[in-house]
Amino acid sequence: MRNIYDYTLEELEDYFVSCGDKKFRAIQIYDFLYKKRIDEVGRMNNIGSYCQKILQENFSFKKIKILLKQEDEGVSKYLFELLDGERIESVLMFHDYGISICVSSQVGCNMGCRFCESGRLRKVRNLEAYEIVQQILLIEADIGKRITHVVVMGIGEPMDNYDNVMRFIHIINNGNGIGIGSRHITVSTCGVIPGIEKFIHEDGQVNLAISLHAPNDEIRKKIMPIASAYSMDDLFEVIKKYIKKTNRRVTIEYIMLEKINDMDCCARELAKKLKGILCYVNLIPYNETENIGYKRSSKAQIMRFYDILKKENINVTVRREFGGKVDAACGQLRANNTLSKGEV
Ligand code: SAH
């Protein structure tokens, strides 16, 4: 049985019409699930017994569950267990502008970025849309507050699970449900060009973030296998197309890896590449992990890099650092809790 949280509003409408019920049942059900947060069919009191019977017999209402939560300085990291026992994670952050959540899109990842835990563990499977939707619902229930911003930047490569990620966005974007505006949603990719091409043609104004992490192909190829499939020139062509279509500012993510991509000459080269492109650079202090040998750049070098970009009039921020108590890097919580599966 397909999970109820996997359905777009339009699909539910079609479903109930095809069963000879009313189209507006779908809005009523969305209202219960996403506004009133009621998931027991018996408590959906105004939908009629026929609709209740359809729901009970044809839909699964099962939820993923929170296994573990780590909190530190306004950041909470959640480890979830999926219905088949697989594990994923989400990160919750409190900002002055709202509350954001970083969701996972796959169990593991096949992109193989050398510095990344999730790449090391490889992809087990794609997440279904309902498994991404439920990350939001469970965390909102946990904190008793509504999330305002969503980034698809957790475990996985969203462009490698394109249809389910777009379905997820469609579901949470609907005003009859969770209603998170497309401008408050960001999809982050390591640069899978065919996915970005498709993404450009989607409706709405969903933001795009690119994990660039290098100023040229040579360095990029050393740390990101995807760079061997798509050149940076081609990547920038498609980024420009996105900007032309949406007029939205693209986020360029840049992990600071000591003596790999953090030298002054890298900053200057990056500035040159980004000149005239509507974007901002987010410098990410690398979260070291014991399983991988890369080192985080020093604070001083991160600031030098920042200053060089700034001087060249590139918009740049340094990602706020999270306390060491949280295994903050993408995939670390899962990686460190995979061997003990079932015991947490
Ligand atoms: N696959 C997508 C989204 C998931 S990775 C992408 O590549 O954008 C999310 C971000 O975390 C990426 O920018 C990734 O490069 C970065 N990341 C991975 N491991 C990290 C680590 N140990 N420290 C800091 N950032 C990391």
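Just above, that's the structure.
(A) Layout of the overall build of the protein chain. Helix and strand counts for the protein chain come out as 13 helices and 14 strands. Taken against the 2.2 N^0.38 rule, which gives 20 Å for 344 residues, the C-alpha radius of gyration of the protein chain at 21 Å falls within 12% of a compact globule. In terms of overall dimensions, the protein chain has C-alpha extents of about 70 × 45 × 35 Å along its principal axes. Relative to its full complement of 344 residues, the protein chain shows a buried share of 57%. Excluding contacts between residues fewer than 6 apart, the proportion of contacts in the protein chain whose partners are at least 24 apart in sequence is 67%. Accessible surface for the protein chain amounts to roughly 15200 Å². Of this, 48% is attributable to carbon and sulfur atoms. Positive and negative charge centroids in the protein chain, built from 50 and 46 side chains respectively, lie 3 Å apart.

(B) Layout of the packing of aromatic side chains. One pass over the full model with this rule turns up 10 aromatic pairs. Geometrically, the ring pair formed by Tyr-15 and Phe-16 is edge-to-face, given 5.8 Å between the ring centres and 65° between the ring planes. Judged by its relative accessible area of 23%, Tyr-15 is partly exposed. A relative accessible area of 0% means that Phe-16 is categorised as buried. Members of the aromatic cluster, connected to one another through ring pairs, are Tyr-7, Tyr-15, Phe-16 and Phe-59.

(C) How the structure looks around the pairing of strand β13 (residues 279-285). The buried fraction of β13 is high, at 6 of 7 residues. Taken together, strand β12 (residues 250-256), helix α11 (residues 264-274) and β13 form a β-α-β motif whose crossover is right-handed. As paired elements, β13 and strand β14 (residues 316-318) share 3 bridges and run parallel to each other. Across the sheet, Leu-283 pairs through a bridge with Val-318, a residue of β14.

(D) Examining the site of the ligand more closely. As a matter of local geometry, the ligand sits amid 19 residues, with Gly-154, Glu-157, Ser-188, Ser-211 and His-213 nearest to it. The separation between a nitrogen atom of the ligand and a polar side-chain atom of Glu-157 is 3.0 Å. Alone, the ligand offers 530 Å² of accessible surface; in the complex the protein occludes 95% of this. Partitioned by chemical class, the residues of the shell around the ligand number 10 nonpolar, 7 polar and 2 charged.

(E) Main features of the pattern of salt bridges. All told, the structure shown has 22 salt bridges when counted by the stated rule. With a shortest N-O distance of 2.9 Å, Arg-2 and Glu-11 are connected by a salt bridge. According to the relative accessible area criterion, Glu-11 is partly exposed, its value standing at 25%. Glu-40 serves as the salt-bridge partner of Arg-43, at 3.4 Å between the closest nitrogen and oxygen.

Scoring rules and cut-offs
- Residues numbered from 1 in each chain as written.
- Predicted model: local features only at pLDDT ≥ 70, side-chain atom pairs only at ≥ 80, totals over all residues.
- Heavy atoms only, no water.
- Helix = DSSP H or I, 4+ residues; strand = E, 2+ residues; numbered from the N terminus.
- Rg over C-alpha atoms; globule rule 2.2 N^0.38 Å.
- Buried < 20%, exposed > 50% of the residue type's maximum accessible area, 1.4 Å probe, protein only.
- Contact = heavy atoms within 4.5 Å.
- Areas by Shrake-Rupley, 256 points an atom, 1.4 Å probe, with all protein chains shown as cover.
- Lys, Arg positive; Asp, Glu negative; His and termini not counted.
- Charge placed at Lys NZ, Arg CZ, Asp CG, Glu CD.
- Phe/Tyr/Trp six-rings, centres within 6.5 Å; stacked < 30°, edge-to-face > 60°.
- Right-handed = clockwise from strand over helix to strand, strands pointing away.
- Pairing = 2+ DSSP bridges.
- Near = heavy atom within 4 Å.
- Polar contact = N/O pair within 3.5 Å; in protein donor to acceptor, adjacent residues only side chain to side chain.
- Nonpolar A, V, L, I, M, F, W, Y, C, P; charged D, E, K, R; others polar.
- Salt bridge = Lys/Arg side-chain N within 4 Å of Asp/Glu carboxyl O.

Just geometry here; none of it tells us what the structure is for.
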